[in-house]
Amino acid sequence: MKYKSQSVTILIAEDDPDDCLLMEEVFRESSQGYNLVFVQDGIELFEYLRQQASYATSKSVKRPDLILLDLNMPRMDGLEALAEIKADPNLRSIPVVVLTMSSTEEDVLRTYELGGAGFIIKPANIEAMAEVVKVLNQYWFEVVELTR
Amino acid sequence: MAKQVKPVIFLMAEDDPDDRLLIREAFQESLISNSIYFVEDGVELLDYLRCQDKYANPSHAPTPDLILLDLNMPRKDGREALAEIKSDPKLRYIPVVVLTTSKAEEDIMRSYDIGAASFITKPVTFDGLVEAIKGLGQYWVQIVRLPANNTP
């Protein structure tokens, strides 16, 4: 293991509670012990990243090592959020992976143009999700070097 | 799971011939793709991507789905090449993974800052390299969807 599990923070922007549960379960089963933080839309994502609103006084706010981003969210959607992260000098070195139901060619292209580090179509069942999470963890936390 | 219809084309910019050979062998060993092309520095990389100079015939330079980039190269190094790719509207959609011997925090930070999709420190052993290429392939070829590549 390159990193101690407890030191890895993954920030997941996802508005669907069922999908959040599924991801939590899959990450827990892969027994990595990573610190998972869920936010429900793009607005809350920035409140977390910039320690504003309900995160202003929280001591547990850690800079994420990786952001997983749904595209279709209320208030501020994923592509807007991605553009804003990549335009912010304090945030843009954090890799952002899109994990979404959408599969339009335009969304794929926009994701990479805006600086996304991967576009993954969200698997519908738990077995396929487990496989995706396994490969994702292996790549980002065993193979790749992150900014720490 | 996202299935790529066409084989994923990798383009690696690497000036060291021994390293090119090792990467090619690691690709064969890890069975992720046999479509890997090589250029030797940043100038040649941009010529390739823009179909210029000795790459004027695009059929000899299929557009890559993913670029692997060494940092330390003559003429134009990886940092300059990366910045140029990411500021070109026609090229910036291509993900660039830095693959280098460096593990300096400054190189890691700067690479992500100027738009690298990932930063990989080249393992020193061949087995380590094969493992890294396997991990790279499982991510970028098996689970990630890349932009449709319209190369004829």
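Residues numbered from 1 in each chain as written. Chains lettered and ligands numbered in written order. Predicted model: local features only at pLDDT ≥ 70, side-chain atom pairs only at ≥ 80, totals over all residues.

**Concerning the overall build of chain A**
A tally of helices and strands in chain A yields 5 helices and 5 strands. Counting from the amino terminus, chain A carries its helices and strands in the arrangement β-α-β-α-β-α-β-α-β-α. For 148 residues, the compact-globule estimate of 2.2 N^0.38 gives 15 Å, and the C-alpha radius of gyration of chain A, at 14 Å, lies within 12% of that figure. Projected onto its principal axes, the C-alpha coordinates of chain A cover approximately 40 × 30 × 30 Å. (Helix = DSSP H or I, 4+ residues; strand = E, 2+ residues; numbered from the N terminus. Rg over C-alpha atoms; globule rule 2.2 N^0.38 Å.)

**Quick word on the sheet that holds strand β4 (residues 96–100) of chain B**
All names here are of chain B. Strand order across the open sheet formed by 5 strands is β2-β1-β3-β4-β5, with parallel pairing between neighbours. Taken across any chain shown, the strands that pair with only one partner, and hence form the sheet edges, are β2 (36–39) and β5 (118–121). Strand-to-strand, the axes of this sheet are offset by a mean angle of 20°, without reference to chain direction. Pairing analysis gives 4 bridges linking β4 to β5, with the strands arranged parallel. Note on β5: the bridge partner recorded for valine 98 is phenylalanine 119. (Pairing = 2+ DSSP bridges. Axes fitted to C-alpha atoms, helices over the stretch in contact; angles between N-to-C directions.)

**Side note on the interface of chain A and chain B**
Contacts between chain A and chain B engage 25 residues on the former and 27 residues on the latter. At the level of elements, α4 (105–113), β5 (119–121) and α5 (126–143) of chain A are the ones that each hand at least two residues to the side of chain A that touches chain B. With 7 residues, α5(A) is the single largest residue contributor to the side of chain A that touches chain B. Each residue belonging to the side of chain A that touches chain B can be placed in one class, and the counts come to 15 nonpolar, 5 polar and 5 charged. (Contact = placed C-beta atoms within 7 Å. Nonpolar A, V, L, I, M, F, W, Y, C, P; charged D, E, K, R; others polar.)

**Considering the sheet that holds β5(A)**
All names here are of chain A. If you walk across this open sheet you meet the 5 strands as β2-β1-β3-β4-β5, and the pairing is parallel. The strands lining the two open edges of the sheet, one partner per strand, are β2 (35–39) and β5. Strand-to-strand twist of the sheet, defined as the mean angle between neighbouring strand axes without regard to direction, takes the value 20°. The sheet contacts of helix α2 (residues 42–49) involve β1 (9–13) and β2, and relative to β2 the element is tilted by about 135°.

**Some thoughts on the environment of A:Asn35**
Residues and elements named next belong to chain A. The residue asparagine 35 is located in strand β2 in this model. Classification of asparagine 35 by C-beta neighbours within 10 Å gives partly exposed; the count is 16. Taking the C-alpha atoms as reference points, asparagine 35 and phenylalanine 141, 106 residues apart in sequence, are found 13 Å from one another. Leave out the neighbours within four places in its chain, and asparagine 35 touches Gln6, Val8, Thr9 and Lys62. (Buried ≥ 20, exposed ≤ 12 C-beta atoms within 10 Å, placed from the backbone.)

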